[in-house]
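Residue-level structural notes
Listed below, chain by chain, are the residues.
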Amino acid sequence: MATQQLLSEQLSNIVTIAYFAAMILFIAYLALRSKGVALAASAAAYIGFTIQTFAIGMRWYESYQLLGEHGRAPLTNLYESVVFFAWTILLIYLLLDLKYRQPSVGAFVLPFAFLSMAWAQLRLNAGIDPLVPALQSNWLTYHVITCFLGYAAFAVACGVSIMYLIKSGREEKSASGTSAGGLMAMFPSTRILDDINYKAIMIGFPLLTLGIVTGAAWANYAWGTYWSWDRKETWSLIVWFIYAAFLHARFTRGWVGKKAAWLSIFGFAATIFCYLGVNLLLSGLHSYGG
Amino acid sequence: MSANKRDFTTAIWDFFCSLKLTISLLILLAVTSIIGTVIQQNRSPEQYLEVYSVTTYRVLESLQFFDMYHSWWFLTLLGLFSINLIACSVKRFPRVWKTVREPVLVADDTLYRTFSNLEEHLVNQPLPQVRDRLAAFLGKEFASPVVTVEGEKVHLFAQKGAWARFGVYVTHLSILIIFLGAIMGSLLGYKGYVNILEGSSIDKVVPRGGSEPIPLGFTVRCDSFSVSFYEGTGRPKEYKSMLTVLENGVAVIKDRPVVVNDPLTYKGITFYQSSYQPAGDAVFQFTVKDRQSGQDQNVSARFGQPVKLAGGGSFRVFNAKEDPAFGITAQLELTTAAGERRFAQVAQRAPDLDALRGGEQIFTLVEFKQRYFTGLQVAKDPGVWVVWVGCTMMIIGSLIAFFLSHRRIWITLQPVGGKTGIKMGGTAHRNQPGFELFFDEFKKKFKAEIS
Ligand code: HEM
């Protein structure tokens, strides 16, 4: 369709650029160790997030302009979900940043948000279409919001876990045992990284649980079965099992630190598979990544 | 009874209480669950044999990979999981119960030594006065303390959020409750599927995987079924069945529209709009005008069937579809009185279309009737509310487990001459850093209070 771009889409292009700038600046911060650069990076992230919040609201409004009474929350197709995913990643990241103030983490989280936005803007169909009967339900909104907030928390946990593995790997190698220099100098200590990983999963896990429960409630409401071992359902349960294992690993010696970081990375890989792989490689009830 | 036997029992018990088992089971469940998302479940042997060789098929079949979520080994994993959960809780719960119901009111030096938050002061006031002031202070800033006198020492103990310790148990119990609800559903309920022809009714349903129809105890009639599309597109907008529920011939629910995402529930049995299909051939009503005489005749034609026209010749509808803009469109094959073949096109929303053809007869599509079967899923699940209770408990339990903590503060007062020695410490059972922030603030106020 050669229609004119919607305002929300144009705003999303700006958001993509802002996230790209933030990502580059966060990485530059690791190399330059300059407070100013970190500040600029954070500013870009905040500006991008603010514009995106507005853009999502705008798209909601535009759906009513285009479809009249059939307007709906912008959470109903792959494009909208990928954009929303980027927004939730920023939301969780900024919340954790308020608490921990570790700009280096941004260098490992912003890439997820930027790649999502770039993919959505460049490759996905951004048209606003009315909903087919199967998706005409408020449960869709609750389900998508909770799932994606959970996914986003796992994305942050994954970024932090990668940092953990890099940092602890270096520390083991450097014979002196002192904190590694170079790019690693700006990394938080492994103890803090481990803590952020845990906190992020602590936020993500109840949200994923709620996402699975709202999905089950919706399925029961629409089809009369709360659980049918549909591929998407099963994969969300697989993700849930992995993070449940992660949480319990904390209570068992020998399963913290590196193993926990690996578990977090596996968990996020499974999350991405649940979100995209299931739709692209397998087939099931869900018509898009929701 | 030998010591060996007891050792063996203890070993088994420890095995089932171990968190290593929990982690292994969670990971095993995650990994094995993948199988059922890669291999199509519950297909017919013919369908499998199209994909797999006979040998592969036999192997997969014997491993129950074609219905793996109900296989003996998967259910065994879930059983072990439940036993693990129960054993762990049985082992730990009494200790937690005791911590909450019989709190340690008196902190000794060993306990104080475990606190990272320890505070010691000597104040120039007699003990009873310090005791009263601190009791009031604790009550205002934290929680009312329990005062214990032990010789010349006086101990204050205050706690908050003790019940937060139960969050984990609520979460774990919720899993067992969800299992219970699922078992209730599969033993006492059923799932099925019915096709109801417009205008007809059903009073039984054949459950999935069963052969004997189950009586509903009432009758469901489908008065009509319709599909609508968003204007100008082929995108479906609504599938709607109008249903009437009758009991002993009396309509108890009348003309209830049932659409996707808005089912009908009656006496614990729910009917969900699920699919539809045309029943028999469509019937078309035409007006055929003779161009010369100007006379009209009304004819009805079944899809595909030739129909004779008054004045010679015949026609047949050989193609029809629903067009977003023109409504129903149909293509006709005509045979004139002279035996020549012609083709014509009519459209519901363009009545003048065929006049443009310039033929001897002008066809106008007046009405189109297609009867449908509506396909409804039927479900009875008396366990579903148990599942929702479990889910609610799980959410609430994990929020408590993650975000609330049991916080305790102990104060010990000891007379030192005419002065009073004060020792104070506190802990939280989780989120220690968060507690430390609170405790630092608390200590500042505390110092202001005693100085
Ligand atoms: C075989 C199954 C399971 C066993 C034996 C088990 C056992 C335990 C134990 C012993 C603890 C530590 C409690 C403590 O001392 O504070 C715990 C914590 C916890 N469990 Fe489980 N658990 C199981 C399954 C699950 C599952 C499937 C969930 C998913 C909702 C879950 C959620 C939790 C949560 C949220 C915590 C608190 C974690 C934390 O504080 O970080 N458990 N579990």
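Residues numbered from 1 in each chain as written. Chains lettered and ligands numbered in written order. Predicted model: local features only at pLDDT ≥ 70, side-chain atom pairs only at ≥ 80, totals over all residues. Heavy atoms only, no water.

Section: the overall build of chain A
For chain A, the helix and strand inventory stands at eight helices and zero strands. Beginning at the N terminus, the succession of helices and strands in chain A can be written as α-α-α-α-α-α-α-α. Against the 2.2 N^0.38 benchmark of 19 Å for 290 residues, chain A shows a C-alpha radius of gyration of 20 Å, consistent with a compact globule. Across its three principal directions, the C-alpha atoms of chain A cover 65 × 40 × 30 Å. Burial statistics for chain A: of 290 residues in total, 61% are counted as buried. (Helix = DSSP H or I, 4+ residues; strand = E, 2+ residues; numbered from the N terminus. Rg over C-alpha atoms; globule rule 2.2 N^0.38 Å. Buried < 20%, exposed > 50% of the residue type's maximum accessible area, 1.4 Å probe, protein only.)

Brief notes about the pairing of strand β17 (residues 407-416) of chain B
Residue and element names in this part refer to chain B. Looking at chain direction, strand β3 (residues 153-160) and β17 are connected through seven bridges and run antiparallel. Of the residues in β17, the one forming a bridge with F157 is W410. Here 10 bridges tie β17 to strand β18 (residues 419-428), and the two strands are oriented antiparallel to one another. Within β18, the residue paired with R407 across the bridge is A428. A loop of two residues connects β17 with β18, the two strands running antiparallel in sequence, and G417 in this loop sits at a positive phi of about 65°. (Pairing = 2+ DSSP bridges.)

Considering the domain arrangement of chain B
According to the domain assignment, chain B consists of domain 1 (3-98), domain 2 (103-161 + 405-450), domain 3 (190-280 + 373-380) and domain 4 (283-366). Distance between the C-alpha centres of domain 2 of chain B and domain 4 of chain B: 97 Å. (Domains from an automatic or database assignment.)

Some words on the side chain of T16 of chain A
Residue and element names in this part refer to chain A. Looking at the secondary structure, you find T16 in helix α1 (residues 7-32). At 2.7 Å, the side chain of T16 forms a polar contact with the backbone oxygen of S12. Once residues lying within four places of it in the same chain are set aside, the contact partners of T16 are F114, M117, A118 and Q121. (Polar contact = N/O pair within 3.5 Å; in protein donor to acceptor, adjacent residues only side chain to side chain. Contact = heavy atoms within 4.5 Å.)

A word on the coordination of the iron atom of the ligand
As a benchmark, a tetrahedral metal site with four donors has ideal angles of 109.5 degrees, while an octahedral site with six donors has ideal angles of 90 or 180 degrees. Of the protein atoms, only H248 of chain A (NE2) and H172 of chain B (NE2) coordinate the iron atom of the ligand, at distances of 1.8 to 1.9 Å. On the accessibility criterion, H172 of chain B (18% relative accessible area) is buried. (Donors = N, O, S within 2.8 Å, 3.2 Å for Na, K, Ca; no water.)

Describing the interface of chain A and chain B
The interface is formed by 47 residues belonging to chain A together with 46 residues belonging to chain B. Carbon and sulfur atoms supply 69% of the area that chain A and chain B bury against each other, a total of about 4100 Å² over both sides. When the area that chain A buries against chain B is broken down by residue, the three leading residues are Y226, W229 and F241 of chain A, summing to 16%. Put simply, chain A and chain B have zero salt bridges between them. (Buried area = accessible area lost by both parts, 1.4 Å probe. Salt bridge = Lys/Arg side-chain N within 4 Å of Asp/Glu carboxyl O.)

Regarding the packing of aromatic side chains
Tallying each qualifying case throughout the model produces 61 aromatic pairs over all chains. Seen from their ring centres, Y112 of chain B and F115 of chain B are 5.9 Å apart, and the 90° between their planes marks the pair as edge-to-face. Each member of the pair, Y112 of chain B together with F115 of chain B, is buried. The structure contains a cluster of three or more aromatic residues connected by ring pairs, namely F49, F84, F85, W87, F148, Y151 and Y275 of chain A. The positively charged end of K99 of chain A is found above the aromatic ring belonging to Y100 of chain A, 5.4 Å away from the centroid. The ring of Y198 of chain A is capped by R250 of chain A, whose NZ or CZ atom sits 4.3 Å from the centre of that ring. (Phe/Tyr/Trp six-rings, centres within 6.5 Å; stacked < 30°, edge-to-face > 60°. Lys NZ or Arg CZ within 6 Å of the ring centre and 35° of its normal.)

Observations concerning the confidence of the model for chain B
Here chain B averages 90 in pLDDT, and 99% of its residues register 70 or above. With a pTM of 0.87, the predicted complex shows an ipTM of 0.90. (pLDDT = per-residue confidence, 0-100.)

Remarks on the packing of helix α8 (residues 127-141) of chain B against helix α11 (residues 432-450) of chain B
Residue and element names in this part refer to chain B. α11 packs onto α8 with a crossing angle of 145° between their chain directions and a minimal axis gap of 11 Å. In terms of crossing hand, the pair formed by α8 and α11 is right-handed. On α11, the residues touching R133, L134, F137, L138 and E141 of α8 are F438, F442, K445, F446, E449 and I450. Looking at the contact of α8 with α11, its residues break down into seven nonpolar, no polar and four charged. (Axes fitted to C-alpha atoms, helices over the stretch in contact; angles between N-to-C directions. Left-handed = near helix turned anticlockwise from the far one by under 90°. Nonpolar A, V, L, I, M, F, W, Y, C, P; charged D, E, K, R; others polar.)

Some thoughts on the sheet that holds strand β1 (residues 118-123) of chain B
Residues and elements named next belong to chain B. Taken in spatial order, the five strands make up an open sheet running β1-β18-β17-β3-β2, and their pairing is antiparallel. Strands with a single pairing partner mark the edges of an open sheet, and in this sheet they are β1 and β2 (146-150). Sheet twist, expressed as the average angle between the axes of neighbouring strands with direction ignored, equals 15°. By the bridge criterion, five bridges tie β2 to β3 in an arrangement that is antiparallel. Note on β3: the bridge partner recorded for E150 is K153. Contacts between α11 and the sheet are confined to β1, β17 and β18, with β18 contributing the most and set at about 160° to the helix.

Re unusual backbone geometry
Backbone geometry places R101 of chain A, a non-glycine residue, at a positive phi of 50°. Relative to the elements of secondary structure, R101 of chain A occurs in the loop between α3 (78-100) and α4 (106-123). Exposure remark for R101 of chain A: the relative accessible area of 53% places this residue in the exposed category. Of note in the backbone geometry, N261 of chain B takes a positive phi value of approximately 75° without being a glycine. Secondary-structure assignment places N261 of chain B in the loop between β8 (250-259) and β9 (264-266). Residue N261 of chain B is classed as buried on the basis of its relative accessible area of 8%.

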